[in-house]
Amino acid sequence: MKDTKIPLDIVFINEDLDVISVHEGIPESEEFITENNVTFVLEVNKNSGITKGDELEFSPDSQVDNSKMIVLDPNGNPQMELDGGERIFSRANTKILIKFAKKAHSTQSDNDYKALGKRVFKFLQVQEQNEPEYVKSKN
Amino acid sequence: MDKINIGIASKRYKVKVAETDEEKEAGLQNITELPEDEGMLFVFNEPDEITF
C-alpha cells in the first residue's frame, strides 16, 4: 500500500455483500492485491476480525441519503426518490391534467395546449401557496 | 465525501464513501491515525477485477 502510513485490513466484498477475502495492507508496501468480482472494498484498521464469508450491512439510518428527498407511504416506507424539481399532483388534479393533455394531443390546437399549460401553472401556483407539512420518518 | 454507517463481523463502522476516481485514488493515503470504528468504503459501479 503505497503512501499508506497505517496497517489496514483490506476487505474485498462482492455484489451480494459477502466478504470475498481480507488482506493485510502493509504500510508503504509496493505489493498489489487483486481480486475478481469486487463491488466494494472496505479499509479499516488491521485486526478487524473480519473474515471471508462475513456480510456487509448498511445500517438503515445510513441508507437514507440526506441529499435526496424520498416519497413515503402512509406507513413511512420509502416509495420513490426525488432528484429535485419534481412536482407531485393529487390524483384529482392529475386526472384533470390528463384530460387537457389528451384533448390537446388529439386536436393539436395551440389553444388546447395553452389551456393545458395554464392549468399546469394554476396547479403549481396553488402548490406554491401551500404551507409545507412535515411528518416523521419511520426510522 | 459522504459518511455512512455499516455493520460487519458484529462491529459497526462509520465509513467515508469513496465513489469518484479522485476519492478512490486518495483513499486513506497519508492518514496517520484511524479511529477504531472508522474506515473507508470504496464503491464500484459494476463487479470488477480490482487491484489495491
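Residues numbered from 1 in each chain as written. Chains lettered and ligands numbered in written order. Predicted model: local features only at pLDDT ≥ 70, side-chain atom pairs only at ≥ 80, totals over all residues. Heavy atoms only, no water.

Participant: Can you break down the overall build of chain B residue by residue, with the values?
Facilitator: Summing up its helical and strand segments, chain B has one helix and three strands in all. Along chain B, helices and strands appear, N-terminal first, in the series β-β-α-β. Here chain B, with 52 residues, has 37% of them falling under the buried criterion. Put simply, of all contacts in chain B between residues at least 6 apart along the chain, 33% involve residues at least 24 apart. (Helix = DSSP H or I, 4+ residues; strand = E, 2+ residues; numbered from the N terminus. Buried < 20%, exposed > 50% of the residue type's maximum accessible area, 1.4 Å probe, protein only. Contact = heavy atoms within 4.5 Å.)

Participant: Describe the interface of chain B and chain A, and please don't skip the residues or the numbers.
Facilitator: Between chain B and chain A, the residue contacts involve 34 residues of the former and 40 residues of the latter. Buried surface at the junction of chain B and chain A, summed over both partners, amounts to about 2900 Å²; 56% is from carbon and sulfur atoms. It is B:Ile8, B:Pro47 and B:Phe52 in chain B that bury the most area against chain A; as a group they hold 22% of the surface buried on that side. Counting the contacts that link chain B with chain A gives zero salt bridges. Taken together, the connections running from chain B to chain A amount to 12 residue pairs in polar contact (both at pLDDT 80 or more). When residues of the side of chain B that touches chain A are traced back to their parent elements, those giving at least two are strand E1 (3-8), strand E2 (11-18) and strand E3 (38-51) of chain B. Among the elements that line the side of chain B that touches chain A, the one with the most residues is E3(B), at 13 residues. In terms of residue class, the side of chain B that touches chain A is built from 18 nonpolar, seven polar and nine charged. As paired elements, strand E3 (residues 34-45) of chain A and E3(B) share eight bridges and run antiparallel to each other. Bridged to A:Phe40 within E3(B) is B:Val43. (Buried area = accessible area lost by both parts, 1.4 Å probe. Salt bridge = Lys/Arg side-chain N within 4 Å of Asp/Glu carboxyl O. Polar contact = N/O pair within 3.5 Å; in protein donor to acceptor, adjacent residues only side chain to side chain. Nonpolar A, V, L, I, M, F, W, Y, C, P; charged D, E, K, R; others polar. Pairing = 2+ DSSP bridges.)

Participant: Residues and numbers for the packing of helix H2 (residues 91-107) of chain A against helix H3 (residues 110-129) of chain A, please.
Facilitator: Residues and elements named next belong to chain A. In contact at an axis separation of 8 Å, H2 and H3 are set at 160 degrees when each is read in the N-to-C sense. Considering their axes alone, H2 and H3 lie roughly antiparallel with respect to each other. Read as a crossing pair, H2 and H3 show a hand that is left-handed. In this structure, H2 uses Asn93, Ile96, Leu97, Phe100, Ala101, Lys103, Ala104, His105 and Thr107 to contact H3, whose residues at the interface are Asp112, Tyr113, Ala115, Leu116, Arg119, Val120 and Phe123. Residues that form the contact of H2 with H3 fall into these classes: 10 nonpolar, three polar and three charged. (Axes fitted to C-alpha atoms, helices over the stretch in contact; angles between N-to-C directions. Parallel < 35°, antiparallel > 145°, perpendicular 65-115°, else oblique. Left-handed = near helix turned anticlockwise from the far one by under 90°.)

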